[in-house]
Structures are given as C-alpha cells and as structure tokens.
Amino acid sequence: MIEFRQVSKQFPDGTLAVDDFSLVIPSRKTTVFVGSSGCGKTTILRMINRMIDRTSGSIEIDGEDIVGLDKVKLRRRIGYVMQNSGLLPHRKVIDNVATVPLLNGVPKKQAHARALELLDTVGLDRSLANRYPSQLSGGQQQRVGVARGLAADPNILLMDEPFGAVDPLVRAELQQELIRLQRELDKTVVFVTHDIDEAFLLGDQVVILQKGGVIVQKGSPTEILSAPANDFVADFIGATKGKRALHIDRRDGREVVLDSEGRAAGVLVDGPTGGSKDAPA
Amino acid sequence: MNWVIENLPLIGQRTLEHLALSIPPIVLSFVLSVPLGWLANRYRPSRGVLLTVLGLLYAVPSLPLLIVLPIILGTGARDSINVVVALTLYGIALMVRTTSDALGSVSSDISQSATAMGFSPWTRFWKVDLPLAGPVLLAGIRVVAVSTVSLVTVGAVLGIKSLGLLFTDGLQRNIVAEVFAGMVATIALALVIDAVLVLIGRLVMPWTRATRVAPTRRARLTAEAAAS
Ligand SMILES: Nc1ncnc2c1ncn2[C@@H]1O[C@H](COP(=O)(O)OP(=O)(O)OP(=O)(O)O)[C@@H](O)[C@H]1O
Ligand SMILES: [Mg+2]
C-alpha cells in the first residue's frame, strides 16, 4: 500500500505542481492517474520513487515513510516504465532488461537467464535479446521497458504514459498484455495516462486529476461512469457527448446500442457481461 | 628521393620520437577534459568562466609558450616535457568544450530513466552519460589528435626531436626532399592515429554501428500486430 498524506510539491521556480494531495493506493491493484497535461501526474508518480522529493506531507510505502529510505535502494525495488521506453541505447536488449539485477550485484549469467525469461513474459521473441534498442520497433521497445521494470521483481510498478507514443493498434495490444501480466503477477501498478479510455480499461481505481494534483473524483471505472462527480468529470469522460452517451434502439427485432450521433456501438445481449472486472455487482 | 631512401632509418627514428611526443598529450587532454567538461556542464556558472579561460589559452602562440613553460615548470629548455605540457593545454582547450557539450547532449529521457532504475549519480556518469557522450567525444579527440601531431613539429625550432627536425634541418641544409619527407611523414602519422582512434571507437561503442530496423520491416511488424 502506498499512502500520500497531504503531500505538496513546489518546484524551486515557485510552481506549485502538487497541492495538498492525499490518496491511498491499494496493494496488488492498478491505480490510474488521469488528467490533462501539466496537472501533476508525473510529479506525483515520481515522488513515489523519490526522483522528485515532496516539499511537505508524507508518503508511506507499507507504513514506512520513504523519506528515511536510501533513494537509490528505494528505486531499485520499484519498477519504472516511461513513455519513450528510456532504454539505454548503448546496451543490448538483454542487458537493458537485466539492468537492475546487475546493479544489485546479481551474477551476469543469472541476470541474463532471468532477462530471457522476462522477454517471454512480455511476449518478445528471445532472438531480439542481442539487438540494440534502436533495432526494435516502438512497441517492442515498450515491451522491453516493461520487462526491465519487472526484472528485480518489484512489488510496485510505476508507469508514466508507457503506451503514449505507440500507434493505436500496438497500444491496444500492449494494454491487453498489461492486463494479462497484472493477472499473473499481481503487482501494485501506478499508471499515468491522459487517455480516459485507457484509464477505464486498466484501472481498478481511477483518479481524475486537475491542475495542482487536485483529485476531482476517484473510484472504480463503473462508479465514475455511473455518477460523474461534476461537469468537469462528465466532460472529461465524454459522458455528455460522443461515444459514451449511449441509447438503445430497436432494429430488426434486436436491441442496438447507439451513440449520440446515431452510430451503432453494439448490440444488447442478455447474460453475464463477459467477465469485465469492474462489472457492477 | 635518394635522400629519403638513404635516410629511412632517420625518418623512422624521428617518427617514433614524434609519436612519443604526440600520444601523451592526446591521452592526457582526453582524460583531464572529462572532469573539467563535467564541471562545465554540471555547474552553468563555471561553464562560462572555464570555457573563456580555455579559449584564451588556445590563443597563446605555441612558440612563446614553449619558451615560457620551462621557466614556469623549472624544466630544461629542450625537455620534451614542455611539449607534452603545452600540447596537453591546447588539447584541453579544444576538448573541454566538446566534453561539456557531449555530456549535455545526453537525452534527459535516458538519464532520467537511468536514475529511476537506481543508478547512483556516480555509476550513472560512468555507465550511462559518458558512454553515450562517446561518439561526440571521439569526434573531439580526433580533432585534438590531428592538431597535436601537427603542433609537435613546432618543438623542432627549439631542438626538441620530432619529425619537425626534418623541416628545420632540411631548410638549413637546403635539402628539399628532407622537408618534403617530414611533411609527408607528419601527415601520414596523423592519418594513422586518426584511423586507430576510429577503430578504438568502433570497438568500445559497438552500438553506434547497429543498423536500425528497416522501414519495410517495421511496416510488416505493424501489419502483423494488426492481424493478430
Ligand atoms: N522541474 C520542474 N521545475 C518547475 N516546474 C515543473 C518541473 N517539473 C514539472 N513542473 C511543472 O509542474 C506541473 C506538473 O507537471 P507534471 O510533469 O507533473 O505534469 P503531468 O501531469 O505529468 O503532465 P503531462 O501529461 O504533460 O506529462 C506543470 O505545471 C509543470 O510545468
Ligand atoms: Mg507527465
């Protein structure tokens, strides 16, 4: 569990990026921060591994205030995946994946063996192990980034818009892959995005932020969709317009779900909702 | 031409002496520029001061410097140390700016992700920032190498042994072939050192030769992703 208590961050130039932020991030669940550019998502995320130090308040991991921990050691037990993969261009894929274990002094042979397994885990062919990052496609680089984040088997995985820079098809594939991984690995994932669809797809807990890291609403995707806290949220999740304002129409004896512009979004069927993890109880 | 053939051993001898005077300044300016370049890159105020001072240093003419140095250092006028020190100073003057720029050009995404992985600042410098600055450092040191090889000849005016002695001696005794041989040998030596540096670069930075995924291949990967 990660707990923020009245955390603020003011940068040296005076920018108050995060103002009095409090939140509990439950273990073994995916928490997604979503909000428009500059609202403080990255700042909040980076305060967890102390790449950014908070100005006031406290942040605890499993009840332990991180301010007393050694930064470097703390970071080695927290996975981090970022937008442009951040892979080290001068190291082969296998060495990139093995980065943290190697830093921790795990023997090279052992670290490499584990790195190869991780390539399997993230759905990459082992034949890519000896390539350099520049020899991979964007989607493959992101997978390597995820494998690297998992290499030291951290309990916590921080992901800052990890799929923001890949094309929509690859993004959808990576999202499914992350859902599968999370089912298998059960990490505490903290995920940042400005794509509300991605947030609803991945998040057990979705936190909608406004400038200054102000929480406008938090809850499960169903909770937020069914009861947007205010107009801002309603607007942000697209409930007032576009594809989320759905209505039912009868066509040829079947119930068809249409969006606000009359485009077909699907058909209505009976029975279970297909195991969606946040189906209404 | 006869002169050259008859004096091959002498040319060889001078080439070796020239080499012995060139290598230390090249190596030293590379090594010393790393901490200085780091300083210039890390602390912005120091950058202006450092680079200005070094720029002025480079403007000091080499012959007077070679005459003044023994007085400052307390060495003999013909001591080869003077040449090594003078050329190291020139090398640093060229190399610190390059090193500072090279370190500054390392993508912030990469250094931040290295930090996030748990590299300590020290480890990150040696294992990430410096290697990634490598290609630019190599370009810089190649310039320093060629300039050093050429400047070593100036010491000949003071009688310090190098290929430069072939110019001075050839001029005094009016042997055109000797002057010519000195020039050709100096250029050849510069080219050889340059080639060696390029080779070292390839060996220690294999990633710079890694070819990118061809666009067609990338398109196919995307198509595969779409199909699956
Ligand atoms: N090092 C810094 N110095 C000063 N201000 C900063 C710094 N880093 C971030 N900020 C400011 O803090 C605010 C929050 O930035 P942050 O990077 O957390 O936003 P974000 O929500 O991640 O945005 P994006 O979606 O664009 O990544 C912004 O106004 C930004 O300009
Ligand atoms: Mg951000």
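For the structure, check the block above.
The following refers to the structure shown. Given the structure is predicted, the values throughout are model-derived calculations rather than measurements.

**Structural notes on the overall build of chain B**
Part 1 of the reasoning: Summing up its helical and strand segments, chain B has 10 helices and zero strands in all.
Part 2 of the reasoning: Ordered by position in the sequence, the α and β elements of chain B form the string α-α-α-α-α-α-α-α-α-α.
Part 3 of the reasoning: Computed over the C-alpha atoms, the radius of gyration of chain B is 23 Å, more than 25% above the 17 Å expected from 2.2 N^0.38 for a compact globule of 228 residues.
Part 4 of the reasoning: Each principal axis of the C-alpha distribution contributes one length, and for chain B these read about 80 × 45 × 25 Å.

**Let's talk about a nonpolar patch on the surface**
All names here are of chain B.
Part 1 of the reasoning: On the surface, Leu63, Ile67, Val68, Ile71, Ile72, Leu73, Ile81 and Val157 cluster together into a nonpolar patch covering about 740 Å² of accessible area.
Part 2 of the reasoning: Mapping isoleucine 81 onto the fold places it in helix 5 (residues 80–104).
Part 3 of the reasoning: Judged by relative accessible area, which is 44%, isoleucine 81 ranks as partly exposed.

**Here we look at the pattern of salt bridges**
Residue and element names in this part refer to chain A.
Part 1 of the reasoning: The final tally for this structure, using the stated rule, is 18 salt bridges over all chains.
Part 2 of the reasoning: Notably, a salt bridge pairs arginine 50 with aspartate 53, separated by 2.8 Å at the nearest N-O pair.
Part 3 of the reasoning: Within the structure, one salt-bridge network assembled from shared partners comprises Arg143, Glu173, Glu177, Arg180 and Glu184.

**Digging into the site of ligand 1**
Residue and element names in this part refer to chain A.
Part 1 of the reasoning: Inspection of the region around ligand 1 gives 13 residues, with Ser37, Gly38, Lys41, Thr42 and Thr43 positioned closest.
Part 2 of the reasoning: Within the backbone of glycine 40, a nitrogen or oxygen atom sits 2.9 Å from an oxygen atom of ligand 1.
Part 3 of the reasoning: In the complex, 64% of the free accessible area of ligand 1, which totals 630 Å², lies under the protein chains.
Part 4 of the reasoning: In terms of residue count, the dominant contributor to the shell around ligand 1 is helix 1 (residues 41–48) (three residues).
Part 5 of the reasoning: For the shell around ligand 1, a count of residues per class yields three nonpolar, six polar and four charged.

**A short note on the sheet that holds strand 5 (residues 64–65) of chain A**
Residues and elements named next belong to chain A.
Part 1 of the reasoning: In spatial order, the strands read 2-1-4-5; together these four strands make up an open sheet with antiparallel pairing. Strand pairing shows two members of the sheet lacking a second neighbour, strand 2 (16–25) and strand 5, which therefore form its edges.
Part 2 of the reasoning: Taken together, the five bridges between strand 1 (residues 2–10) and strand 4 (residues 56–61) define a ladder with antiparallel strand orientation. Following the sheet pairing, phenylalanine 4 is matched in strand 4 by isoleucine 59.

**Describing the side chain of A:Glu161**
Residue and element names in this part refer to chain A.
Part 1 of the reasoning: Considering the arrangement of structural elements, one finds glutamate 161 in the loop between strand 7 (156–160) and helix 7 (168–185).
Part 2 of the reasoning: Buried charge glutamate 161 goes without a salt bridge, the closest partner of opposite sign being lysine 41 at 4.6 Å.
Part 3 of the reasoning: When near neighbours in sequence (up to four residues on either side) are disregarded, glutamate 161 contacts Lys41, Gln83, Val192, Thr193 and His194.

**Re the nonpolar core**
Part 1 of the reasoning: Ranked by internal contacts, the top residues of the largest apolar core, which has 71 residues, are A:Ile2, A:Phe4, A:Phe33 and A:Ile48.
Part 2 of the reasoning: Take this core: its biggest share by element is 11 residues, from helix 7 (residues 121–152) of chain B.
Part 3 of the reasoning: If we skip the residues at most four places from it in the chain, A:Ile2 touches A:Leu23, A:Val24, A:Ile25, A:Ile48, A:Ile59, A:Glu60, A:Ile61, A:Ile156, A:Thr188 and A:Val190.
Part 4 of the reasoning: Among the nonpolar cores identified, the runner-up in size contains 43 residues, and A:Leu87, A:Val146, A:Met159 and A:Phe163 belong to it.

**Comments concerning the interface of chain B and chain A**
Part 1 of the reasoning: With 29 residues of chain B at the contact, the number on the chain A side is 31 residues.
Part 2 of the reasoning: For the pairing of chain B and chain A, the buried interface totals around 2500 Å² over both sides, and the portion due to carbon and sulfur atoms is 64%.
Part 3 of the reasoning: It is B:Ala116, B:Met117 and B:Trp207 that lose the most area in chain B upon contact with chain A, and together they represent 23% of the buried surface on that side.
Part 4 of the reasoning: In this assembly, chain B and chain A are joined by zero salt bridges.
Part 5 of the reasoning: The tally of links from chain B across to chain A stands at six residue pairs in polar contact (both at pLDDT 80 or more).
Part 6 of the reasoning: Those elements giving two or more residues to the side of chain B that touches chain A turn out to be helix 6 (108–117), helix 7 and helix 10 (215–227) of chain B.
Part 7 of the reasoning: In terms of residue count, the dominant contributor to the side of chain B that touches chain A is helix 6 of chain B (eight residues).

Basis of the calculations
- Residues numbered from 1 in each chain as written.
- Chains lettered and ligands numbered in written order.
- Predicted model: local features only at pLDDT ≥ 70, side-chain atom pairs only at ≥ 80, totals over all residues.
- Heavy atoms only, no water.
- Helix = DSSP H or I, 4+ residues; strand = E, 2+ residues; numbered from the N terminus.
- Rg over C-alpha atoms; globule rule 2.2 N^0.38 Å.
- Patch = residues over 30% accessible without salt bridge, like charges linked within 9 Å, V, L, I, M, F, W, Y side chains within 5 Å.
- Areas by Shrake-Rupley, 256 points an atom, 1.4 Å probe, with all protein chains shown as cover.
- Salt bridge = Lys/Arg side-chain N within 4 Å of Asp/Glu carboxyl O.
- Buried < 20%, exposed > 50% of the residue type's maximum accessible area, 1.4 Å probe, protein only.
- Near = heavy atom within 4 Å.
- Polar contact = N/O pair within 3.5 Å; in protein donor to acceptor, adjacent residues only side chain to side chain.
- Nonpolar A, V, L, I, M, F, W, Y, C, P; charged D, E, K, R; others polar.
- Pairing = 2+ DSSP bridges.
- Lys, Arg positive; Asp, Glu negative; His and termini not counted.
- Contact = heavy atoms within 4.5 Å.
- Core = buried A, V, L, I, M, F, W, Y, C linked by side-chain atoms within 4.5 Å.
- Buried area = accessible area lost by both parts, 1.4 Å probe.

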